[in-house]
Amino acid sequence: MYTLLSSGNSPVGSIAAASLLFLVFLAIGSPVVYAGWEQRRQYHELSAVHTSLDDATPGEAVVVSGTVSSRSQTVDSPYRSQSCALALWDTARLSRGQGTQWILEASGVTAGELLVTVDTEHVSVTGLPRQRRVATTSQKLRSALGLDGNSELAFVDTELSRSGFERQFTPTEALTDSYRAHNRDIGFDRPTRDSYDTVGRLLTGLLTPHNTVRYRELTFQNGDEITVVGKKTDDGISFTEAGATQPIISSEQLPSRLGRYRRGYTLRLYGLPMCFLLFSALIGYTLFI
């Protein structure tokens, strides 16, 4: 690398140096580029989803948007115990090892059978009996790198990142009974400590401490707007995978989600490599002149 960069005034050497620099940048940015590729694939999958139940046959992916209500009885959200038609939640731990990132421990959906009212039609949504996902080591790594966009409950993070309730506990803070019960339910052994030394207390006042645990939830009450992507059934929609299309629950309508996906993958998949290419070309030109 040093030899190429120091070759100077040689067109071949400058091109080689620029090419090598571009490949190095591309390797460093590969997780972001790959996340853009995943988002592009999701965009095209969701673009092909039927937007009307009448246009879809049983087993095909379909989207419905309307107001939600509980068909049987309401459920309690996991952290605040709020009575609601539907709750999305996740638990994550802050890691300050190599960089700062929230490591997903578990996420889930708490709901019974739902109805989505579209104009005057009531669409039954089934397949939501307290689904949850306890993250494996591989899933935790993919989540930290932003590569978890196609997992079964990836939409939960998307929704919770936009709005909802959030509470954090540092390793020295005691949990309430409901949070301790939740941790036992998902099999999460929360890291704790009795106290910090002087330097630790100073850093705690400036930065969120390592091993802080974050609890987030978002509730949908009867009458709230909701969008559901799932598999069409004979009497409604099932919250299950339809072909390659993963089920989704969202507070935004599908066109808004698609627009956000398109902007995201354009910047990650095309914009970032283009910036790398232009910067590498500039370095190569500087070496040449």
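Residues numbered from 1 in each chain as written. Predicted model: local features only at pLDDT ≥ 70, side-chain atom pairs only at ≥ 80, totals over all residues. Heavy atoms only, no water.

**Looking at helix H2 (residues 11–28)**
Then, number 1: The terminal C-alpha atoms of H2, which comprises 18 residues, lie 26 Å apart, in line with the 26 Å expected from a rise of 1.5 Å per residue.
Then, number 2: Within H2, burial applies to Gly-13, Ser-14, Ala-17, Ala-18, Leu-21 and Phe-22. (Helix = DSSP H or I, 4+ residues; strand = E, 2+ residues; numbered from the N terminus. Expected span 1.5 Å × (residues − 1). Buried < 20%, exposed > 50% of the residue type's maximum accessible area, 1.4 Å probe, protein only.)

**Some remarks on the side chain of Arg-216**
Then, number 1: Inspection of the secondary structure puts Arg-216 in strand E10 (residues 213–220).
Then, number 2: Here Asp-90 takes part through its side chain, which lies 2.7 Å from a polar atom of the side chain of Arg-216.
Then, number 3: Only 2.9 Å separates the side chain of Arg-216 from the side chain of Asp-157, close enough to count as a polar contact.
Then, number 4: Aside from chain neighbours lying at most four places away, what touches Arg-216 is Tyr-79, Leu-88, Trp-89, Asp-90, Asp-157, Leu-160, Ser-161, Phe-165 and Glu-166. (Polar contact = N/O pair within 3.5 Å; in protein donor to acceptor, adjacent residues only side chain to side chain. Contact = heavy atoms within 4.5 Å.)

**Some details on unusual backbone geometry**
Then, number 1: Look at Ser-81: it is not a glycine, yet its phi comes out positive at around 55°.
Then, number 2: Mapped onto the elements of the fold, Ser-81 is located in the loop between strand E2 (75–76) and strand E3 (83–84).
Then, number 3: One non-glycine residue, Asp-119, lies in positive phi territory at about 55°.
Then, number 4: Relative to the elements of secondary structure, Asp-119 occurs in the loop between strand E6 (114–118) and strand E7 (121–126).
Then, number 5: Under the relative-accessibility criterion, Asp-119 is labelled exposed at 74%.

**Re the packing of H2 against helix H3 (residues 30–47)**
Then, number 1: Two numbers describe how H2 lies on H3: the axes approach to 4 Å, and their chain directions differ by 65°. Considering the angle they form, H2 stands roughly perpendicular to H3. In this structure, H2 contributes Leu-26, Ala-27 and Ile-28 to the contact, and H3 contributes Ser-30, Pro-31 and Val-33.
Then, number 2: In the contact of H2 with H3, the residues fall into five nonpolar, one polar and no charged. (Axes fitted to C-alpha atoms, helices over the stretch in contact; angles between N-to-C directions. Parallel < 35°, antiparallel > 145°, perpendicular 65-115°, else oblique. Nonpolar A, V, L, I, M, F, W, Y, C, P; charged D, E, K, R; others polar.)

**Some points on empty space enclosed by the protein**
Then, number 1: Taken as a whole and judged by the stated rule, the model has one cavity of 30 Å³ or more.
Then, number 2: For the largest cavity, the calculated volume is near 30 Å³.
Then, number 3: Every residue lining the largest cavity is listed: Thr-227, Val-229, Ile-248, Ile-249, Ser-250, Glu-252, Gln-253, Leu-254 and Arg-257.
Then, number 4: At the level of secondary structure, the elements contributing two or more residues to the lining of the largest cavity comprise strand E11 (225–233), strand E13 (248–250) and helix H8 (254–288).
Then, number 5: Ranked by residues supplied to the lining of the largest cavity, first place goes to E13 with three residues.
Then, number 6: Its residues assigned to classes, the lining of the largest cavity shows four nonpolar, three polar and two charged. (1 Å grid on protein atoms, 1.4 Å probe; cavity = no way out; pocket = protein on both sides within 12 Å on 5 of 7 lines; lining within 4 Å. Points joined across faces, edges and corners; volume = space filled by probe spheres on them.)

**Here we look at a nonpolar patch on the surface**
Then, number 1: Nonpolar side chains collect at one region of the surface, where Met-274, Leu-277 and Leu-278 lie side by side and expose about 290 Å² of accessible area between them.
Then, number 2: Structurally, Leu-278 can be placed in helix H8. (Patch = residues over 30% accessible without salt bridge, like charges linked within 9 Å, V, L, I, M, F, W, Y side chains within 5 Å. Areas by Shrake-Rupley, 256 points an atom, 1.4 Å probe, with all protein chains shown as cover. Salt bridge = Lys/Arg side-chain N within 4 Å of Asp/Glu carboxyl O.)

**Details of the pairing of E6**
Then, number 1: Counting buried residues in E6 gives four out of five residues, a clear majority hidden from the surface.
Then, number 2: Pairing of E6 with E7, which is carried by five bridges, proceeds in the antiparallel orientation. Note on E7: the bridge partner recorded for Leu-114 is Val-125.
Then, number 3: The loop that links E6 with its antiparallel partner E7 comprises two residues; one of these, Asp-119, has a positive phi angle of about 55°. (Pairing = 2+ DSSP bridges.)

**Brief notes about the confidence of the model for the protein**
Then, number 1: When pLDDT is averaged along the protein, the result is 84, and 84% of the positions lie at 70 or above.
Then, number 2: Per-element confidence in the protein is highest for E10, whose mean pLDDT is 95, and lowest for helix H1 (residues 2–5), whose mean pLDDT is 49. (pLDDT = per-residue confidence, 0-100.)

**Let's talk about the environment of Ser-47**
Then, number 1: Along the chain, Ser-47 falls in helix H3.
Then, number 2: On the basis of relative accessible area, Ser-47 is assigned to the partly exposed category, the value being 39%.
Then, number 3: As for Ser-47 and Leu-258, which are separated by 211 residues in sequence, their C-alpha atoms are 7.4 Å apart.

**Side note on the packing of aromatic side chains**
Then, number 1: The tally for this structure, following the rule as stated, stands at eleven aromatic pairs.
Then, number 2: Ring geometry for Tyr-34 and Trp-37: centres 5.8 Å apart, planes at 20°, overall stacked. Here the residue Tyr-34 and the residue Trp-37 both occupy positions in helix H3, the gap between them amounting to three residues, near one helical turn.
Then, number 3: Seen in terms of ring centroids, Phe-169 and Tyr-179 are 5.0 Å apart; in terms of plane orientation they differ by 65°. Their pairing is edge-to-face. (Phe/Tyr/Trp six-rings, centres within 6.5 Å; stacked < 30°, edge-to-face > 60°.)

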